[in-house]
Amino acid sequence: MQTKTPIYRPVAGGSMSIIDIPKNRALLALNLRGEGIEIGALDGPVQVPGDMRARYVDYKPTHELRQQFPELADDIVSVDFVASADKLEVIANNSQDFMIANHVTEHVPNPMGALELWYNKLRDGGLLYLAFPLKEYCPDAVRPLTSIQHLLQDYEAEREGLP
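Residues numbered from 1 in each chain as written. Predicted model: local features only at pLDDT ≥ 70, side-chain atom pairs only at ≥ 80, totals over all residues. Heavy atoms only, no water.

## A few points about the pairing of strand 3 (residues 35–39)
Spelled out, the test is: Note on classification: 1.4 Å probe, protein chains only; a residue is buried when its accessible area is under 20% of the maximum for its type, exposed when over 50%, partly exposed between these limits. Secondary structure follows DSSP: runs of H or I at least 4 residues long count as helices, runs of E at least 2 residues long count as strands, and numbering of each begins at the N terminus. A pair of strands counts as paired when DSSP detects no fewer than two bridges linking them.
Burial analysis of strand 3 places four of its five residues in the buried class, which makes it a mostly covered element. As defined by bridge partners, strand 3 adjoins strand 4 (residues 53–58) across five bridges and the pair is classed as parallel. By the bridge assignment for strand 4, glutamate 35 is matched with arginine 53.

This is the structure we're talking about:
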């Protein structure tokens, strides 16, 4: 598997700081215990220690992901569960020791609802590990940020069963 390029981000005073993704993922793995899932790992799963078990959830089966992303086909993880990240019907509540969702939250229509759902899938003491993109390094950099009010409206609308 390829090594990911570190992301640089501005810090106070205009200098640059490195976000070392491989190092951050290695540190995360030190805190994981038991069995869990990673949502949307595609070709970059978090490497969990051998005494743990990670299963992979994606919105399409492995063969369809390989067709959609032929340039990544050799590195795409085998999908264990096909499910929408914001529904996860195939994962029982209180069943996971950890859940990993790197760069997933920004793709769901109701991020706050997804966070609540993921929390409910965790056992007591479970770990939810999330990574979010830095706006200035995304193709969407020119778009305005989504307001907290908008996020709350989406959350309330879904809770009330509104479209």
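## As for the pattern of salt bridges
Formally: Think of a salt bridge as a Lys or Arg side-chain nitrogen and an Asp or Glu carboxyl oxygen that are within 4 Å of each other.
In the structure shown here, the tally under the stated rule is two salt bridges. With its nearest N and O atoms 3.5 Å apart, the salt bridge here joins arginine 159 to glutamate 116. Residue arginine 159 is located in helix 4 (residues 148–159), and its partner glutamate 116 is located in helix 3 (residues 111–121); the two are separated by 43 residues in the primary sequence. Given the relative accessible area of 56%, arginine 159 is considered exposed. Since its relative accessible area comes to 34%, glutamate 116 is described here as partly exposed.

## Concerning the confidence of the model for the protein chain
Low pLDDT marks regions whose predicted coordinates should not be analysed in detail. Operational definition: Each residue carries a pLDDT score, the predictor's confidence in it, ranging from 0 to 100. Contact between two residues is taken to exist if any of their heavy atoms lie within 4.5 Å; hydrogens are not considered.
Of all residues in the protein chain, 85% have pLDDT values of 70 or greater, and the mean over the chain is 85. Low pLDDT, under 50, characterises residues 1–17; the stretch is placed with 34 contacts to residues that sit more than four places away or in other chains.

## Regarding helix 3
Stated precisely, the cut-off is as follows: The arc in question is traced by the directions running from the helix axis to the C-beta atoms.
Listing the buried residues of helix 3 in full gives Pro111, Gly113, Ala114, Leu117, Trp118 and Lys121. Buried residues of helix 3, seen end-on, are gathered within an arc of 155° and therefore sit on one face of the element. Buried residues along helix 3 sit in contact with strand 3, strand 6 (96–102), strand 7 (122–131) and helix 4.

## Comments concerning the nonpolar core
As a reminder of what qualifies: Nine residue types can take part in a nonpolar core, namely buried Ala, Val, Leu, Ile, Met, Phe, Trp, Tyr and Cys, and a core is a set of them joined through side-chain atoms within 4.5 Å.
Counting residues in hydrophobic clusters, the biggest one holds 16 residues, and the most contacted among them are Ile37, Ile39, Val57, Leu88, Met99 and Trp118. No other element matches the three residues that helix 3 contributes to this core. The residues contacting methionine 99, other than those within four sequence positions of it, are Ile37, Ile39, Leu88, Trp118, Lys121, Leu122, Leu127, Leu128 and Tyr129. Counting residues in each nonpolar core, the second largest holds 11 residues, with Leu32, Val46, Tyr56 and Val77 among its members.

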